[in-house]
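Listed below, chain by chain, are the residues.
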Amino acid sequence: MSAPATPPPDQRGRRALLYAGVAAAAAMAGAGLAWRRFRPHDGGADAADALWPLAFATPAGSTLAMASLKGRPLLLNFWATWCPPCVEEMPLLDGFYRQHAANGWQVVGLAIDQADPVRAFLGRVPVAFPIGLAAAGGQELSRALGNLANGLPFTVVVGADGRVLQRRMGRVTAADLDRWQSLR
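Predicted model only: the values in this text are computed from it and were never measured.

Considerations on the packing of aromatic side chains
Move 1: Counted under the stated rule, the structure contains four aromatic pairs.
Move 2: On the basis of an interplanar angle of 35 degrees and a centroid distance of 6.1 Å, the ring pair of Phe78 and Phe154 is categorised as tilted. Of the two residues, Phe78 sits in strand 3 (residues 74-79) while Phe154 sits in strand 6 (residues 154-158), which places them 76 residues apart along the sequence.
Move 3: By relative accessible area, Phe78 is classed as buried at 0%.
Move 4: The exposure class of Phe154 is buried, given its relative accessible area of 3%.
Move 5: Between Phe96 and Trp105, the aromatic rings sit 5.4 Å apart at their centres with planes inclined by 75 degrees, giving edge-to-face as the arrangement. Trp105 matches Phe96 in its accessibility class, with the two residues each being buried.

Written out as structure tokens, the structure is:
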């Protein structure tokens, strides 16, 4: 028996090009599907629509209705007591709220955490802005607002018109807040 014949060089090249083309098409189709499924919202009002019908318990036992915040600029911060950058930025966010509340700015912290650790934290580091207890469900809201990595802290700036104006994954800086305070 003789060994199978190998195709001539020009056919091997064509076959390699065909396989490469099929692989590239499959990769592009997969990338397109992934982009379509996981793309962030475009920043339109629809990105924040998921926010307004929600209400969260507060550490004090009352209810924070997000609809009551509609119509004024809102800085919404997703955080947790076990997240070091979240804890570090709380005084900065509180300072922003105290300085800009008179100009219509609202700040809300949604804790992706349980009530007891949040109450203990706020006993040590009190803030003047409202805190809602979002627990694990807050991650879904965070994702709907553009947090595709489900990381913390995650901050969203919503304009008075209900449109998402800015998103920030990671610790907020004073420079971020300075830029955002002119957004409305």
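That covers the picture; the talk isn't over yet.
A short note on the pairing of strand 6
Move 1: The buried count for strand 6 comes to five of five residues, which makes it a mostly enclosed element.
Move 2: Of the two faces of strand 6, the one holding Phe154, Val156 and Val158 and the one holding Thr155 and Val157 are both buried throughout.
Move 3: As paired strands, strand 3 and strand 6 are joined by five bridges and run antiparallel to one another. Across the sheet, Leu76 pairs through a bridge with Val156, a residue of strand 6.
Move 4: Here five bridges tie strand 6 to strand 7 (residues 164-169), and the two strands are oriented antiparallel to one another. By the bridge assignment, Val158 is partnered in strand 7 with Val164.

Looking at the pattern of salt bridges
Opposite charge on two side chains allows them to pair when their charged atoms are near.
Move 1: Counted by the stated rule, this structure contains five salt bridges.
Move 2: Arg98 is the salt-bridge partner of Asp94, the closest N and O atoms lying 2.8 Å from each other. With a gap of four residues between them, Asp94 and Arg98 both fall in helix 3 (residues 84-100), about one helical turn apart.
Move 3: Judged by relative accessible area, which is 8%, Asp94 ranks as buried.
Move 4: Here the residues in one salt-bridge network are Arg168, Asp176 and Arg179, joined through shared partners.

Definitions and limits used
- Residues numbered from 1 in each chain as written.
- Predicted model: local features only at pLDDT ≥ 70, side-chain atom pairs only at ≥ 80, totals over all residues.
- Heavy atoms only, no water.
- Phe/Tyr/Trp six-rings, centres within 6.5 Å; stacked < 30°, edge-to-face > 60°.
- Helix = DSSP H or I, 4+ residues; strand = E, 2+ residues; numbered from the N terminus.
- Buried < 20%, exposed > 50% of the residue type's maximum accessible area, 1.4 Å probe, protein only.
- Pairing = 2+ DSSP bridges.
- Salt bridge = Lys/Arg side-chain N within 4 Å of Asp/Glu carboxyl O.

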